[in-house]
Amino acid sequence: GPAMPEPQDVAADAGGGEAGGAPEDDERPDGPRELMPLEEKLVEIFDMGGVPARCVRVSADGDAPEEMEVDGQRGRCVAWSEQGRRYVVETFDGVLAEIPEDNLREWYPPPPEEGGFDLVWPASPEASEEFVALLCAHLGAKGFCVIQTFLSAQERAEAAEAAEGEDGERQFSRLQQEIEAGYMGYDNFTKVATLNEDGDGEGAPRNALETCNRQLTSLGFMMAPHAPAALGFGCAGLRRTMIRMSID
């Protein structure tokens, strides 16, 4: 894994021990550690004054930490390090960054209509229950839900390139007119193609586009127990993922 400690291992013990040296919560003599104010919150990095932060790219397994400028980026606080009094922030660009507490503030995303999102991808299996409940509420109320994930700019570019297919050979088309609005909404100016099925989500994704497809597979499995009661239909996974791109 990354040379920087994993988020769940960063919090040091009350005596200021080495990061990652704290015992598990259930092993602490005084019970679970109280969360710091910004832990598990969405945050914005600000006023770094050009000073780079110590970072690890989440997708770069085994890479050493590097210094990166992350001023102005947003993400989620995933851990706290008492040593140095820094938070570990997973930015929406797929980077784990150690940020001093004075350079973070809580951030509230705007709604999707203003360029924001409804929900952020859950940080752990334990957070999935609340995430799916809110997802179903959004789908039931307005028919869609925008979910923020954690992919780097390079991964997003690779996914777009993979979507085109090798030498642009992927076959795109418009959906049939009588069903297009139901899938794509009104005034649609996009074309679609289908991906191969992800199966049961086994095996490592081969590229960034398959990583995105794997997330949709996971989403289908998370929704399966809730969809019948909350949305009125059964959901047992994912089939025939559609790639949607501009017609231009």
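Before reading on, note that the structure itself is shown above.
Residues numbered from 1 in each chain as written. Predicted model: local features only at pLDDT ≥ 70, side-chain atom pairs only at ≥ 80, totals over all residues. Heavy atoms only, no water.

Undergrad: Looking at this structure, I do not really get helix α4 (residues 208–223). What am I missing?
TA: For α4, spanning 16 residues, the distance from its first C-alpha to its last is 23 Å, which sits close to the expected 22 Å at 1.5 Å a residue. Listed as buried for α4 are A208, L209, N213, R214, T217, L219, G220, M222 and M223. In the core, the buried residues of α4 are packed alongside α1 (128–142), β9 (147–148), α2 (153–164), α5 (227–231) and β11 (242–246). Looking at where α4 begins, the residue whose side-chain oxygen comes 3.0 Å from the main-chain nitrogen of L209 is N207. (Helix = DSSP H or I, 4+ residues; strand = E, 2+ residues; numbered from the N terminus. Expected span 1.5 Å × (residues − 1). Buried < 20%, exposed > 50% of the residue type's maximum accessible area, 1.4 Å probe, protein only. Contact = heavy atoms within 4.5 Å. Polar contact = N/O pair within 3.5 Å; in protein donor to acceptor, adjacent residues only side chain to side chain.)

Undergrad: Before we go on, may I ask you to explain the sheet that holds strand β5 (residues 86–91) in this structure?
TA: Backbone hydrogen bonds hold the strands of a sheet together, and the pairing may be parallel or antiparallel. On the basis of which strands lie adjacent, the open sheet formed by seven strands has the order β3-β2-β6-β5-β4-β1-β7 and antiparallel pairing. This sheet does not close on itself; its edge strands, each paired only once, are β3 (66–68) and β7 (104–106). Shown here is a sheet whose adjacent strand axes are inclined to one another by a mean of 45 degrees, direction ignored. Here strand β2 (residues 53–57) pairs with strand β6 (residues 95–100) via three bridges, running antiparallel. (Pairing = 2+ DSSP bridges. Axes fitted to C-alpha atoms, helices over the stretch in contact; angles between N-to-C directions.)

Undergrad: Would you take a moment to explain the packing of aromatic side chains for this structure?
TA: The relative placement of two aromatic rings is captured by the distance of their centres and the angle of their planes. In this structure the tally under the stated criterion is six aromatic pairs. Note on F92 and F150: the rings are 5.5 Å apart at their centroids and 50 degrees apart in plane angle, and the pair reads as tilted. Of this pair, F92 sits in the loop between β5 and β6 while F150 is found in the loop between β9 and α2, placing the two residues 58 residues apart along the sequence. The pair formed by F92 and F150 is uniform in burial state, with each residue classed as buried. Three or more aromatic residues joined by ring pairs form one cluster here, namely F92, W107, F117 and F150. (Phe/Tyr/Trp six-rings, centres within 6.5 Å; stacked < 30°, edge-to-face > 60°.)

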